[in-house]
Amino acid sequence: MAEPNVLIIGGGMAGLTAALELARFEVRSNVVESSPFAGGQAIGFSCKATSACVRCGACLAEDRLQSAVESPEIRILPSSRLLELSRSNGPFSAVVLRSPRVVDPDLCTGCGRCVDVCPEEAVRRAPSPYNRPPLAVDLDRCARFAGGDCTACVDACPESALAFDRGEERLALEPHALILASGFHVFDPREKPYGYGEMEDVITNLELERMLREKGGLVRPSDGSPPGRIAFIQCVGSRDERLGHLWCSRVCCGSAPRTARRLRFLEPELDVTVFYIDIQTFGRDFESAWNELRREFRFIRAVPADAVPTENRRVRLSYFDPETGSPDSLDVDLLVLSVGITPGRDLAGTSALLGLRRGADGFVEAGDSGNPPAGVTAPGTVLGPMGILDAVKSGKASAWRTLENLGMV
Amino acid sequence: MEEPTATISLEELDPDGFQSPDFLQDACMTCGYCASACPVSGVDGFDPRKLVRMVNLGLEREVVDARWPWICTMCGRCEAECPMRISISRLVREVRSRRDRDRVPGILHKGVEAAMETGNNLRLPKDDFVFILEDVAEELAEEPGFSGFRVPVDKEDANLLVTVHNKLVNTQTEDLVHWWKIFHAAQEDWTVPSENWEGCNWGMFTGDDEAVRRMSDRIAEQMDRLRAKNLLWPE
Amino acid sequence: MKSEGRIDILIIGDATTGSGVSETLIGKGFRVARADVEGYSHRSRVGGAIVVQAGERGPEFEALGLEPGNRVVALSDFLEALPDIQPFDKSGGPAPLVVFLLGLAGESSCRATRDALAASSVLLDDLGRRVAMLYGNLKVSAAGLEAEVREARRKGALLLRFSSARPTFVRNGEGRPAVECLDEASRRRLILHPDWIVKDEILRAGPGDLERAARLGAEPGPDGFLPSDNVYRFGLETNRRGILGIIPDADPLGRDTLEDDLAAAMLEMRALDRFDSWAPDRVAVIDPGLCARCLTCHRSCPHGAVAVGERIEIVPQACFACGICEAACPAKAITLRERDPEKGPLEAVPRPVLLDIRPGDLVTFGCRRSAERARALCGHLGAGRPADLVFVPVDCAGRISREMLMDAFLQDASGVLVLTCHPGNCHAEKGNLQARSRVGEVRRFLEEAGLNPERVRFNTLAANMGVEFGRMVREFKAELDQR
Ligand SMILES: Cc1cc2nc3c(=O)[nH]c(=O)nc-3n(C[C@H](O)[C@H](O)[C@H](O)COP(=O)(O)OP(=O)(O)OC[C@H]3O[C@@H](n4cnc5c(N)ncnc54)[C@H](O)[C@@H]3O)c2cc1C
Ligand code: SF4
Ligand code: SF4
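On a predicted model such as this, the values are computed, not experimentally measured, just so you know. (Residues numbered from 1 in each chain as written. Chains lettered and ligands numbered in written order. Predicted model: local features only at pLDDT ≥ 70, side-chain atom pairs only at ≥ 80, totals over all residues. Heavy atoms only, no water.)

**Topic: the overall build of chain B**
And step 1. Tallying secondary structure elements over chain B gives ten helices and four strands in all.
And step 2. Secondary structure elements of chain B occur, N-terminal to C-terminal, as β-α-α-α-α-α-α-α-β-α-β-α-α-β.
And step 3. Here the C-alpha coordinates of chain B stretch approximately 70 × 35 × 30 Å along the principal axes.
And step 4. Evaluated residue by residue, chain B yields a buried proportion of 54% over its 235 residues.
And step 5. Across chain B, contacts joining residues at least 24 apart in sequence account for 75% of those joining residues at least 6 apart.
And step 6. Surface exposure of chain B reaches about 10,800 Å², of which carbon and sulfur atoms provide 49%.
And step 7. Separation of charge centres in chain B, based on 27 positive and 44 negative side chains, amounts to 2 Å. (Helix = DSSP H or I, 4+ residues; strand = E, 2+ residues; numbered from the N terminus. Buried < 20%, exposed > 50% of the residue type's maximum accessible area, 1.4 Å probe, protein only. Contact = heavy atoms within 4.5 Å. Areas by Shrake-Rupley, 256 points an atom, 1.4 Å probe, with all protein chains shown as cover. Lys, Arg positive; Asp, Glu negative; His and termini not counted. Charge placed at Lys NZ, Arg CZ, Asp CG, Glu CD.)

**Examining the overall build of chain C**
And step 1. Broken down by element type, chain C carries twelve helices and 23 strands.
And step 2. Judged by the C-alpha coordinates and their principal axes, chain C covers about 95 × 65 × 40 Å.
And step 3. Sorting the 483 residues of chain C into buried and exposed places 58% on the buried side.
And step 4. Residue pairs at least 24 apart in sequence account for 70% of intrachain contacts in chain C once pairs closer than 6 positions are excluded.
And step 5. Surface summary for chain C: the accessible area is close to 19,200 Å², and the carbon and sulfur share equals 50%.
And step 6. If the 64 positive side-chain charges of chain C are averaged to one point and the 69 negative ones to another, these points end up 3 Å apart.

**Remarks on the site of ligand 1**
Residues and elements named next belong to chain A.
And step 1. Near ligand 1 there are 32 residues, and of these Glu 33, Cys 56, Thr 381, Met 386 and Ile 388 occur at the shortest range.
And step 2. The separation between an oxygen atom of ligand 1 and a polar side-chain atom of Glu 33 is 2.5 Å.
And step 3. Within the side chain of Asp 346, an N or O atom sits 2.9 Å from a nitrogen atom of ligand 1.
And step 4. Bound to the protein, ligand 1 loses 93% of the 1,000 Å² it would expose on its own. (Near = heavy atom within 4 Å. Polar contact = N/O pair within 3.5 Å; in protein donor to acceptor, adjacent residues only side chain to side chain.)

**What about the interface of chain A and chain C?**
And step 1. Contact with chain A, which involves 70 residues of that partner, is made by 73 residues of chain C.
And step 2. Taken over both partners, the interface formed by chain A and chain C buries close to 6,200 Å², and the fraction arising from carbon and sulfur atoms is 52%.
And step 3. The three residues of chain A that bury the most area against chain C are Arg284(A), Lys393(A) and Trp400(A), which together make up 15% of that side's buried surface.
And step 4. In this structure, the connection of chain A to chain C is made through twelve salt bridges.
And step 5. The salt bridge involving Arg373(C) is made with Asp63(A); its shortest N-O contact spans 3.2 Å. (Buried area = accessible area lost by both parts, 1.4 Å probe. Salt bridge = Lys/Arg side-chain N within 4 Å of Asp/Glu carboxyl O.)

**Focus on the sheet that holds strand E7 (residues 130-135) of chain C**
Residue and element names in this part refer to chain C.
And step 1. Within the open sheet, the five strands sit side by side as E5-E12-E6-E7-E8. Their pairing is parallel. Among the strands making up the open sheet, the edge pair consists of strand E5 (72-74) and strand E8 (158-161). Strand-to-strand twist across the sheet, computed as the mean angle between neighbouring axes with direction ignored, equals 20 degrees.
And step 2. Sheet topology places strand E6 (residues 97-102) next to E7; six bridges connect them, and they run parallel. Residue Leu 102 lies in a different strand from E7, and its bridge partner there is Tyr 135.
And step 3. In the packing of helix H3 (residues 110-125) onto the sheet, the strands contacted are E6 and E7, and the crossing angle to E6 comes to about 175 degrees. (Pairing = 2+ DSSP bridges. Axes fitted to C-alpha atoms, helices over the stretch in contact; angles between N-to-C directions.)

Encoded structure:
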C-alpha cells in the first residue's frame, strides 16, 4: 500500500492523539474538525494545581494540540465536515466540505486588531495560541456574510490575512482508514430548575473552566465581584432516566473538588459547598484525598430542587438535609452546575455514515459489540463519558487498531 | 417529629405489597431531589423520599397507619423532576387509599363525605352559596370601574363555566374577586353553577378514586345543563 | 530465552495467569517471555517490558468490626462459592437474604459494584434469594454501570445508602451474624438477618508490586501501582522508557478497559521497537575523555538511562534528553546531542545562551512544555506580557544549570525568573525540582557575594496558565524596579 493515510473526524484529545500516534509510524492523517478551532473541549480548560499538580490532565490539551499542529504528517482541517463517504475496493472515498476560509492561517499573526474593530463581535479568538489560524470569523454573525459591505476587519488587518472571496471548498480524499473521534456534547442545564440562563451568577463547570483560563480567577458574572461563597451541584443532566441519561458522567467528581481546591488556593477564605449523590473515584490517591476534601469543604448529600434570586442578589438553593431530616436553604454568590457528558449532537448521522452502531444510550458501542466495519475505529467520548487521560489512551488504542487494519504492525 | 423507635426486621417485610408498573418506586436512587422539592418536607416527619423508601422496604402497615403521608399537598413538585420518573404522588394516593375510610383524617374524610352527599365539601346549601356570591359581588360593584358588576349564576350558553374552591365561600371570600376582576376586564362570558360547584376534589387527597370520579361527573353534568363551552377549574 | 531468538516483550509480574495479557500479546504476533524482575536490566534491552500487577485484594473486615467466617465472606470468595449455592425452595418460608457491603470501610470500586450486581442478578433470578446492598459511595462511573444498577433495583435488589452512619454487626446465639443499621432515607432502624454477608475488597499494591517497581527504578503512583500518575505517563508509560504498567484486574479509577490498555501498550512497544536500531533523535552523550566517574549522572538521571560498566554510558533508548545530567555533571562531560532529520550523526544541541541582553533586563528561563506555552497563551489572550522580557526556553527545566543562571547576572540582568512545570507534572519527574535547587544555590551564591538573593526567583505553572504567566512576570518586574 502506497502512502497510507487516515481520515480522522474530530480534533479533540482522542482524535489528535490518534493522529500523533499514527505519525510516529509515518502514517499521514487528515483531521476534519467541525469547529473553527481544534483541541476539543479540553483546550478551553485550566490548570487546577495548588502547590503541586493535581493530575487533572488539562495541560495535555496544549501538548496534544501544539504537537499535532507542528507535525508534518498531520493536516488539520478546521471548519470542515465529512459530507460523503463510500467505499469501493480498498480505500474509502470521502468528500469533505470546508467552510469559506476568511482568515489565512499562513498570514495571520493573531494580533487581534480585527477582534477590536468588528462591529458585530464576529471575530473569535481561538482558545489556544497553537490553533491555526488563531482567529476565526463567525460567519453567522458577520455583516459582510449577511450581504453587507462592511470592511472593518479587512481594513484593520496589517497582514492582509483576511479575504471574503474564498468560497467553500470540497476536498476529495481517499483514506485507507477512518477514525471517528467527534467527542461529546455538554448537557444544557436550561431545562433544570436552577435558573441557568436567567440568573447571571449561575454558570456551568465548563464556563468556570473557561473563566479560570481566560481571567486567571473567579468573579461573579453579574458584577465582576469576587464571590465569598459558592456551591457546586453535581450530576446535573447525568444519572437521570427522565432525560434518558442513565449514566454517570465520570469527570465531574474530579473536576469540582479539584477546581474548588484551586479556587481556595487563590482565595483562602472562599466558602465552598458541594451537593452530590455519590462521589466517584477520581485520582489514584482518591481515598485519602476524599477524607481530606470532606474536611476542607462542605459536602451535602442532597440534590437541591431550585435556585432563586434573593433580594441582595445572591442565589438561594433549597434542599433537604439528609442528616437532620429537615429542609434547609443556602445562599451563595455563585452557583456552578456540574453538567454532564451527553452524546454528540450529530453523532447519529456521522456514526451512520461510517457504519458504526450506537447503543441504547446513544453513544457508539465499543469494541466487538459495536461491530465496527473494517477500517473504522472510534475512540474517546464518542464511546461514553471519560476524562482526558482515558480519551488519550483510547486514541492510542484506536491508532493501534488502525495500524492493524492497515497491516502495518 | 415522629421518629423511629423499634428496630424493624427486614425479613418480616413484604416488599411486593406495592408492586405496580404505575409507581416504579424500586428505581429510586435516594438522590433526595423530591425531598428538596417538596414544600412540606420536614413537616411532621414527612418527606417524599421517606415515603418512597418505606414503601420500597415493604413497611406498608406503618406507612398506611401513619399520619405523615397525609401531610402531602399533592402539588406534584417532587415528581416533576424525579430523575427516575417515580410517580410519587400516585404512590401517596395509593398509600392513602389503603386506609380504612373512617380513619381518613377528619377534615378530609368529612369533606369527601359531605361532597358526595351535598355536592360540596362544606354542606353549603344552594341559597346560602348564591347569597354569599351576590353579597361579595355587590361590594365589588362599589369599586371604581366595576359598577354594575353581577355574578352570572346559572347563565346558559356561557363561554366559561367556573368552579369554586370551597374556601372561597367560607373563610376567604375576599379572594373570590380576583378572578371576577379579570373576567370583568376581559369582558368574559362566564357562569357559576348554583349546584355542584365544588372545585376542590378531596377524593384526590384521600386516594378515593370513586369520589374523584363522582365529583368530576357532576361538573360535567353542570356543563351539559348550562351548555357551557369551556370549563375553568381553578383548584 | 536466547534460543527463542529475539524477545519483544518481557512480562514482569506474577499476575499474568488469567489476565490474558500474554495470550493477547502472542496472538498479535509479539514474542513474549515471562520473567520476574530478577535479572532484568535495561542495559540488555531486548524489547519492552510490561509490568502486570495484580495488587492484593483485602476485604479488611476489621475496619467494619466484622469477623470473617460463618458466611461472612469477601466478594471474590462469594463469587467462587456462588455456583454451589442451591436454589431456595419458596415453600420453605421467606427467602434468605444476601447482604453486600460496598464502600462502607474504605472506598469501593466500579469493579466491586459490577461483581456484586452480577452475583445479585443470579441470586434474584435463579436462586430465589433476596438481596440488599449497603453502600457508602456507590461507584457507577464505569461504562453501563448505572443502567445495571437500575436493572438490579428493578429485579428487587434493595439498595441502602450510608453517608455518615455505618451499620453494626452482631451475632446471635448460633453465631449467625445480623446487621443493624439506620436507614437514611426512611430514618428507620433496620435489622437484617442475612444468610450471607459479602464484603467488597479494596485493591492495594502488595509488597511484591512495590519491590518490583523499586527494582526497576520505575516510579509508582500514590497507590503503589505502576505507572505513576504523572499525566505525561498517560496512565501507561513509566519514567523508564519501554517499561509499561498494566493493572488488569481492577483499574483503580474504575475503568474496565483492559483491551484499550493493551492496545495502547502494543502500540508503544511497536513504536519503540519498529526498527531494531530504534533510538531517539535526541540523547545525552558522555565524553569519556572528560568523565571523572563520579556517578553524579547515574544518581541524577530520572530515567535509569546511565549504565555503569567499564565506562559510564548513556543508553540511548532509555534517555529522554531532559538534560538533567548535563546540568549536574561537575566535569561538564555530558552534552545533549541531536540527530538531524535525515538520521545523520549526532550533533551537539547548543546550550541555551544569552544573546543581546541589555543591562537591566529581566531574564526568564522556562520549560518548553509549561512556561513557553503559557507565555504564548499570555500573548494570545492579551494578558499583559511585558515587552522587554528576555525569555529563554529550555526543553526541560532540569537542563538549567547554575552557570546559565549566573551568566544572566554576569550580563547585568536585573533579575532571573525560572519557570517550570508544577511539582508532579514534569515529564522527567524531577527536572523542575532540580531547577528549584539550582535557584536555591544561586540565591545563596548571590547572598555570599553581597547581592540581593531576591533577584532570582522560582515559580511553577502549567501550559494553560497564560494569565498567571503575565502576573508572575509583572509582579517580579515591579519588585525589581522598586529596588
Ligand atoms: C466541564 C467539564 C470539565 C471537565 N474536566 C475534566 C478534567 O478536569 N479532567 C479530565 O480528564 N477530563 C475532564 N473533562 C472531560 C474532557 O473534556 C474529555 O475527556 C475530553 O474533552 C474528551 O475528548 P474527545 O476527543 O473525546 O472529545 P471532544 O473534546 O469533544 O473533542 C471532539 C472534537 O470533535 C469535533 N467534532 C464534533 N463533531 C464533529 C463532526 N461531526 N465533524 C468533525 N468534527 C467534529 C469537536 O468540535 C471537537 O473538537 C471535563 C469535561 C467537562 C464537560
Ligand atoms: S493542568 Fe492539571 S495536570 Fe497539568 S499541571 Fe495543572 S493540575 Fe497538573
Ligand atoms: S427524586 Fe426520585 S430518585 Fe430521587 S429520591 Fe426522590 S423518588 Fe428517589
